[in-house]
Amino acid sequence: MTFSVTPMSPGELSRIKILPDAGFGNLSTDRGNLPLDRLDVQTRISGLVARTTVVTEFLNVHESALEATYVFPLPDRAAVTAMKMTADERTVEAELQERGAAREAYDQAIAAGKRASIAEQERPDVFTMRVGNILPGERVTIELSLVGPLPFEDGAATFRFPLVVAPRYVPGNPLPGPYAGDGQTPDTDAVPDASRISPPVLLPGFPNPLRLSVGVHIDPAGLTLGDVRSSLHTVTDNEGTLSIRPGERADRDFVLRIGYAGGGETAIAVPDATAAEPEGVYQLVVLPPADTAAARPKDVVLLLDRSGSMGGWKMVAARRAAARVVDTLTAADRFAVLTFDHQVDRPADLGEGLAEASDRNRFRAVEHLARADARGGTELLAPLMAGLGLLQASEGRDKVLVLVTDGQVGNEDQIVHDVTPLVAGARIHTIGIDRAVNAGFLGRLAALGAGRAELVESEDRLDAAMEHIHRRIGAPVVTGLTVTATGLRLLDDERTPARLPGIYPGVPLVVSGRFAGKPEGSLTVTGRTRDDREFRTTVEVREREEPAIAAQWARARLRDLEDAYAAGDRGLEDRIVATSLRYGVLCRFTAFVAVDSRVVNEGGESRRVTQPVELPSGWEGAAGDVAPAMLRMSSMAPMPPAAPMPPPAPGGARFAPARAESAGAGPGRARGPMTFAAVTGSMRAGKAMAPGGAAPTLDQVREIARVEAGRLRDAAGLPAYERRDLLDDLASRLEVLLGSLPGDEFAPLRDLVTVLNGEGAVDEKWAAALTALAAFGGGSGGSGGSGDHPARRAFWKR
């Protein structure tokens, strides 16, 4: 098959900095040898389904056995369905297990001198691979199998494969005890696994450390294939397979946009051959109707990230994107603009609430956006809470929040947890601007608000992306959707998305879920159009043997359950594990582990190396959110196996010691003491405080109240808008905490929550909070004091 591939424009090419290649093979430097020698990504696209094989090849050129750790990204909606390890002409198929059991099996195998590997999910799009007991001179390859959907809209599908984990801003106070991972950033009460998502980063100008290859074969599968465009890489067509040129660096996403025409509404049922009774997974696709009715007036809150990681072309693109959102508003709309880094700023003369979208006010907003430059850290939670708070009072209007950011934060779960109660009918659109964007997190936010996640990897992509956003900011063409079945029974609690989002111009509605009964009959979608007419379409069910549909549903369902878990529903863990194991799809509570039965390294002693990753393309001039400690690679000097290791000092490299920790402990690196961090960190994450998952005791809640009072005293000098955000955070934390605590003894805190959530001036709420917390805590509060720290939960149960 012959493809028409449109290369990057000269503008795109001029922005990509190609550094001299140091040659193929293992890279030898004065700091040692890097273990990852080759990364190969091969994808077969069939219509709107992408099946991908990812091969990583590790090489040990040292004189002792090696354990390599690699933190890497994958498409956030792809299901990881298999893994296998090959070394010394022996191939071992990995087994999917509950995560704690898999980590224990891996640790035991390494200690016994057996070759082993494990793959774990840290975020929907960030994973960790460890390969242990690689013998001197030996190559070990790990192959992952993935399947995922291609998003389709306005006549084009997008295949995006991430190649680098970008540094992420990590808020919070450092936790005591060992690090959970091998990364450079300390774990904190807001991000208890920060050390697992912060691999060391190569300095700009460092020679290319690995051989990278990417190949994509496209089968239209009955659709009409149009233009195929590569956004960030020059590709060649070799007998129907599109490939990047040799020597490319793994410093930006690989993106193809594939023009398709044709297609129609479908309802596919995939029976589960392993079930005792007839059941399976279905997928329904419904096209949007033509509709020209006028949209309702809307309230729009625009959040623009101006943190340090947004420097360079990203800030220029972000300002343009935000200004275009403002320009599309009509006189019937209201809006607010918030720019943020470690603080939140607003346009002058527009007040603290929603302003009428008059010409004058829109001009003021665009003027404010034009002055925004990159600085500071990405404190994303406070502006999200403030923005959603502005939309709470909207009645009779569409509520829309638009977030423009690169999403490079580490406290994704904390953010999802705290903003979930505030969504309440608001649509959240996320615009991710970066060549290595945090797509998984931005997708989660958009899913919470039934909105759209648009990813912009270059300025040339901005116009098309903003056209999509503008269309979505308008009202949907069909709302109030229901799906009913004839001939089979739909299991509504297994449907994804759980909240039907409506049908929007140019975007098919895709619903999947589980069914019971024979795979026959029809599915009917009903709703109301903008002009209050009934919408109804019926699609006949067709039976098909297509494992990809079942895997994609399982992945989407697991994401929904994981987000509900992050939002505070801790009873979902067993259900998540059961779904993952039943459908063979990796999630945060499971892991793929492969163990070779043969002992190859008597005694199990080995050196450990964490593979440094590239600094994302375009970040060379932006220090911003990248901690200096992350901008260096690990050294190779081995250390005694049992010695605990402190966090690396500025300018000093480290080599991790041989494994000495238990399955859940992580590498043994010491932290400084942190007063009450475990207590307050667990509270912020919505976790039970007492052992065994029991509700917190009265004494523990009093301790929390004293800590919160100390925080308020420490923050007394902050501006009013920052203190207001702190009070909003406090109210959400107390609500989560008190939800599981019946009893009149907690009434003063419930009364405080009512005050914080009500009307009133910031100073009045601040004084009320200080008084109530100090009285309930029975002490002066403060933020200091030492003592025993409660045991930390497993980091993946954050």
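Refer to the preceding data block for the structure.
Here goes a summary of the coordinates provided. For clarity, every value in this text was computed on a predicted model and none was experimentally measured.

### Some points on the sheet that holds strand β7 (residues 79–87)
Hydrogen bonds between backbone groups are what pair the strands of a sheet, and the pairing can be parallel or antiparallel.
Alright, step 1. Spatial ordering of the open sheet is given by β8-β7-β12-β5-β4-β15-β18-β17, a layout of eight strands whose pairing is mixed. Bordering the open sheet on either side are β8 (90–93) and β17 (235–238), each of which pairs with just one other strand. Within the sheet, the average angular offset between the axes of one strand and its neighbour, ignoring direction, is 20°.
Alright, step 2. Sheet topology note: the strand β4 (residues 36–46)/strand β5 (residues 49–59) ladder contains 10 bridges and is antiparallel. Each bridged residue has a counterpart across the sheet, and for D40 the counterpart in β5 is V55.

### Here we look at the nonpolar core
Generally speaking, soluble globular proteins have nonpolar side chains that are buried together.
Alright, step 1. Grouped together as the largest cluster of nonpolar side chains are 52 residues, with contacts concentrated most on I45, F58, L74, L144, F159 and F254.
Alright, step 2. Ignoring anything within four residues of it in the chain, the contact list for F254 reads F159, R160, F161, L163, V214, V216, H233, V235 and I244.
Alright, step 3. Within the second largest apolar cluster, 33 residues are counted, among which are M315, A365, A372 and I473.

### Points about the packing of aromatic side chains
Aromatic ring pairs: the centre-centre distance and the angle between the two ring planes describe each pair.
Alright, step 1. A complete count under the given rule lists six aromatic pairs for this structure.
Alright, step 2. Here the aromatic rings of F159 and F254 are separated by 6.4 Å at their centres, their planes lie at 65°, and the arrangement is edge-to-face. One end of the pair, F159, is in strand β14 (residues 156–161); the other, F254, is in strand β19 (residues 254–261), with 95 residues separating them in the sequence.
Alright, step 3. Members of the aromatic cluster, each reached through a chain of ring pairs, are Y70, F72 and F127.
Alright, step 4. The ring centre of Y565 lies 4.3 Å from the NZ or CZ of R570, which sits over that ring.

### Things to note about the pairing of strand β35 (residues 590–599)
Alright, step 1. Alignment of strand β9 (residues 95–98) against β35, held across four bridges, turns out to be antiparallel. Each bridged residue has a counterpart across the sheet, and for E95 the counterpart in β35 is V593.
Alright, step 2. Strand direction decides the pairing type here: strand β10 (residues 114–123) and β35, joined by six bridges, are antiparallel. Within the sheet, the bridge partner assigned to A116 lies in β35 and is V595.

### As for the side chain of T158
Alright, step 1. Looking at the secondary structure, you find T158 in strand β14.
Alright, step 2. If sequence neighbours within four positions are ignored, T158 has contacts with L150, P151, V255, L256 and R257.

### Notes on the environment of L734
Alright, step 1. Structurally, the position occupied by L734 is in helix α13 (residues 720–738).
Alright, step 2. Expressed as a C-alpha distance, the spacing of L734 and V701, which sit 33 residues apart in the sequence, is 9.9 Å.
Alright, step 3. With sequence-adjacent residues up to four places away left out, L734 is seen in contact with L752 and V753.

### A word on the sheet that holds strand β36 (residues 607–610)
Alright, step 1. The strand order β9-β35-β10-β11-β6-β36 describes an open sheet built from six strands, whose pairing is mixed. Here the strands that pair on one side only, and so sit at the sheet edges, are β9 and β36. Here the average twist between neighbouring strands, direction ignored, is 20°.
Alright, step 2. Relative to β36, strand β6 (residues 66–73) is paired through four bridges, and the arrangement is parallel.

### Side note on the pattern of salt bridges
Alright, step 1. A complete count under the given rule lists 49 salt bridges for this structure.
Alright, step 2. Residue D253 is joined to R160 by a salt bridge in which the shortest nitrogen-to-oxygen separation is 3.1 Å. Within this pair, whereas D253 is found in the loop between β18 (241–244) and β19, its partner R160 is found in strand β14, the two being separated by 93 residues in sequence. For the pair D253 and R160, one class covers both residues: buried.
Alright, step 3. Salt-bridge contacts for E279 lead to R514; the nearest nitrogen and oxygen are separated by 2.3 Å. Linking E279 in strand β21 (residues 279–286) with R514 in strand β31 (residues 509–516), this pair joins segments that are 235 residues apart in sequence.

Scoring rules and cut-offs
Residues numbered from 1 in each chain as written. Predicted model: local features only at pLDDT ≥ 70, side-chain atom pairs only at ≥ 80, totals over all residues. Heavy atoms only, no water. Pairing = 2+ DSSP bridges. Helix = DSSP H or I, 4+ residues; strand = E, 2+ residues; numbered from the N terminus. Axes fitted to C-alpha atoms, helices over the stretch in contact; angles between N-to-C directions. Core = buried A, V, L, I, M, F, W, Y, C linked by side-chain atoms within 4.5 Å. Buried < 20%, exposed > 50% of the residue type's maximum accessible area, 1.4 Å probe, protein only. Contact = heavy atoms within 4.5 Å. Phe/Tyr/Trp six-rings, centres within 6.5 Å; stacked < 30°, edge-to-face > 60°. Lys NZ or Arg CZ within 6 Å of the ring centre and 35° of its normal. Salt bridge = Lys/Arg side-chain N within 4 Å of Asp/Glu carboxyl O.

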